[in-house]
Amino acid sequence: MDDYSSSSSSLMGKVDEGDGALLTAVLPLLKLLCLALIGLILVHPRTQLVPKSTFRLLSKLIFATFLPCLIFTHLGTSISYTNILQWWFIPVNVLLSTGIGFVLGYIVALICRPPPELFRFTIIMTAFGNTGNLPLAIISSVCHSVKNPFGPRCYGSGVAYASFSQWVSAILAYTIVYHMMEPPLEFYEVIHIEENGDEEQHVDDDEIEIEIEIENPEQPEVRGNNDLSQPLLVEAEWLGMEDREAEQFKTPFIARLFNGTSELPLPDSPRSLRCLAEPKVVKKIRTVAEKTPIKHILQPPTIASLLAIVVGVIPKLKSICFGSDAPLSVITDSLDIMAGAMVPSAMLILGGMLAEGPNESKLGTRTMVGIIVARLLVLPLIGIGVMTLADRWDLLIAEDELYRFVLLLQFTVPSAILLGTIAGLRGYAVSEASALLFWQHIFAIFSISLYIFIYMKLVLSSEN
């Protein structure tokens with residue numbers, strides 16, 4: 001009888017432990033879902049308690065103020081020269097997840113056969129995940145409870161780990177993604193126009209400015225930043241773009257340059273005039289580099305990350321900025337107060353995006369399902385394999401379960417909302433990006449809950 005009682009109590013303990021792990025995984029997502037639901041109600045067309053224009057301003061405020069404050073206050077406090085040497089795998093992991101996503105996206109495009117003009121779009125949306133706002137929101141929600149599985153250092157260290165990858169994501173987005181998102185050349189017509197009274201004459205490329213017209217009337221047109229008809233996500237994460245600059249981003253520059261469809265006038269390099277003539281290929285590569293919006297990489301979150309790293313690795317600066325006795329503690333405490341608004345505001349914006357509903361899309365149901373399955377189900381499984389190999393090769397910080405959890409989370413998130421912003425900027429697949437991001441975030445509620453449960457079981461069991 002005693003043996004039966006002991007075995008029964010042991011079994012009940014295991015059941016309780018399993019239920020507790022499941023609740024620990026599901027509750028953070030439920031909290032975020034409640035915040036998103038509030039945003040959905042506020043901006044839904046039937047209620048319209050808050051104008052859509054207010055949400056656009058809030059999205060810019062998040063990107064320009066709340067998110068940089070969160071990154072600076074927590075990354076600057078946690079980071080040091082020693083930590084940089086220990087955290088080197090965090091940015092490498094972003095590159096790995098993106099590279100694996102590229103391969104998965106190419107496979108999805110081959111199998112699902114999207115429309116030819118959306119082949120590159122399929123690869124991009126599978127490859128680039130949301131390594132910014134969403135991981136920070138999930139970590140904040142997981143660490144919000146005092147009984148979280150990672151202990152009292154959960155919130156500060158988790159935010160620091162997630163913030164350390166911001167600069168890598170920014171470089172990838174404003175270079176590779178920017179050029180891959182250019183409109184397909186075969187769906188555009190190059191027209192050369194020179195006004196001479198009421199007549200139009202065709203002239204050489206060297207004498208006129210090239211204009212691009214869209215042959216496909218269904219392709220969405222990029223409008224000004226104040227246009228309320230475009231999706232909310234288009235406004236999210238690209239600051240400082242003027243309406244007068246928008247037209248130059250909508251041209252298939254790379255394709256025309258390297259395919260020889262239209263010979264663009266390439267500027268001569270001053271160095272090439274002094275030395276040997278610059279090869280044509282080198283000149284084209286240099287032209288691409290000049291057309292890349294490098295200056296926009298230094299957006300507020302990236303600046304906050306770099307500033308936090310600089311302050312964190314210099315002990316004197318760190319003691320001046322952080323700590324209860326620091327001379328600038330009033331400023332950093334004020335920044336920390338503003339940082340607290342990032343997660344709820346970001347979830348309100350996400351709810352507002354979902355309230356718009358999915359736009360019409362030419363991507364096709366089969367391709368959309370393929371991207372969602374590859375991004376939300378297959379890639380996290382590969383991430384578990386990557387973390388297992390990295391742990392076996394001693395590439396990770398020993399006995400740091402939160403570090404492993406954040407690395408696994410980078411494989412689990414849906415596509416980056418910034419992709420919708422770049423799509424709107426370049427006039428390429430705006431409706432498709434909006435629809436795909438909508439459905440990805442809907443299904444991510446279930447996939448992220450599932451994988452958080454799996455990750456916690458793996459990470460916390462390895463501790464024992």
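So, here's what we can say about the structure. Once a new chain begins, its residue numbering starts again from 1 and follows that chain's sequence as written. Whole-chain, interface and lining totals are the exception, using all residues; otherwise, since this is a predicted model, local features are given only for residues with pLDDT of at least 70 and side-chain atom pairs are given and counted only at 80 or more. Hydrogens and water molecules were not included; the side-chain quantities draw on all heavy atoms of the structure.

## So, the environment of Ala36
Step number 1: Its location among the elements puts Ala36 in helix α1 (residues 2–43).
Step number 2: Between buried and exposed lies partly exposed: a residue is buried under 20% and exposed over 50% of the maximum accessible area for its type, with that area taken using a 1.4 Å probe on protein chains only. For Ala36, a relative accessible area of 7% translates into the label buried. Starting at the N terminus, helices and strands are each numbered in turn, a helix being any DSSP run of H or I of at least four residues and a strand any DSSP run of E of at least two.

## What to know about the pattern of salt bridges
Oppositely charged side chains can form a pair if their charged atoms are brought close together.
Step number 1: Should a side-chain nitrogen of Lys or Arg be within 4 Å of a carboxyl oxygen of Asp or Glu, the pair is scored as a salt bridge. All chains considered together, the criterion is met by three salt bridges.
Step number 2: Where Arg153 meets Asp400, a salt bridge forms, and the shortest distance between an N and an O atom there is 3.5 Å. One end of the pair, Arg153, is in the loop between α6 (133–142) and α7 (154–163); the other, Asp400, is in the loop between α16 (365–392) and α17 (401–409), and 247 residues separate them in sequence.
Step number 3: Among the residues examined, Arg153 registers a relative accessible area of 39% and is labelled partly exposed.

## Notes on unusual backbone geometry
Step number 1: Residue Arg113 is not a glycine yet carries a positive backbone phi of 50°.
Step number 2: Residue position: Arg113 is located in the loop between α4 (89–112) and α5 (119–127).
Step number 3: If you check the backbone angles, Ala429 has positive phi at about 55° while not being a glycine.
Step number 4: Relative to the elements of secondary structure, Ala429 occurs in the loop between α18 (418–426) and α19 (430–463).

## Description of the side chain of Gln440
Step number 1: Examined against the element boundaries, Gln440 turns out to sit in helix α19.
Step number 2: Throughout, a contact is declared for two residues whenever any of their heavy atoms are within 4.5 Å. Sequence-distant contacts of Gln440, defined by excluding residues within four places in its chain, comprise Met125, Ile371, Ile372, Arg375, Leu376, Pro414 and Ser415.

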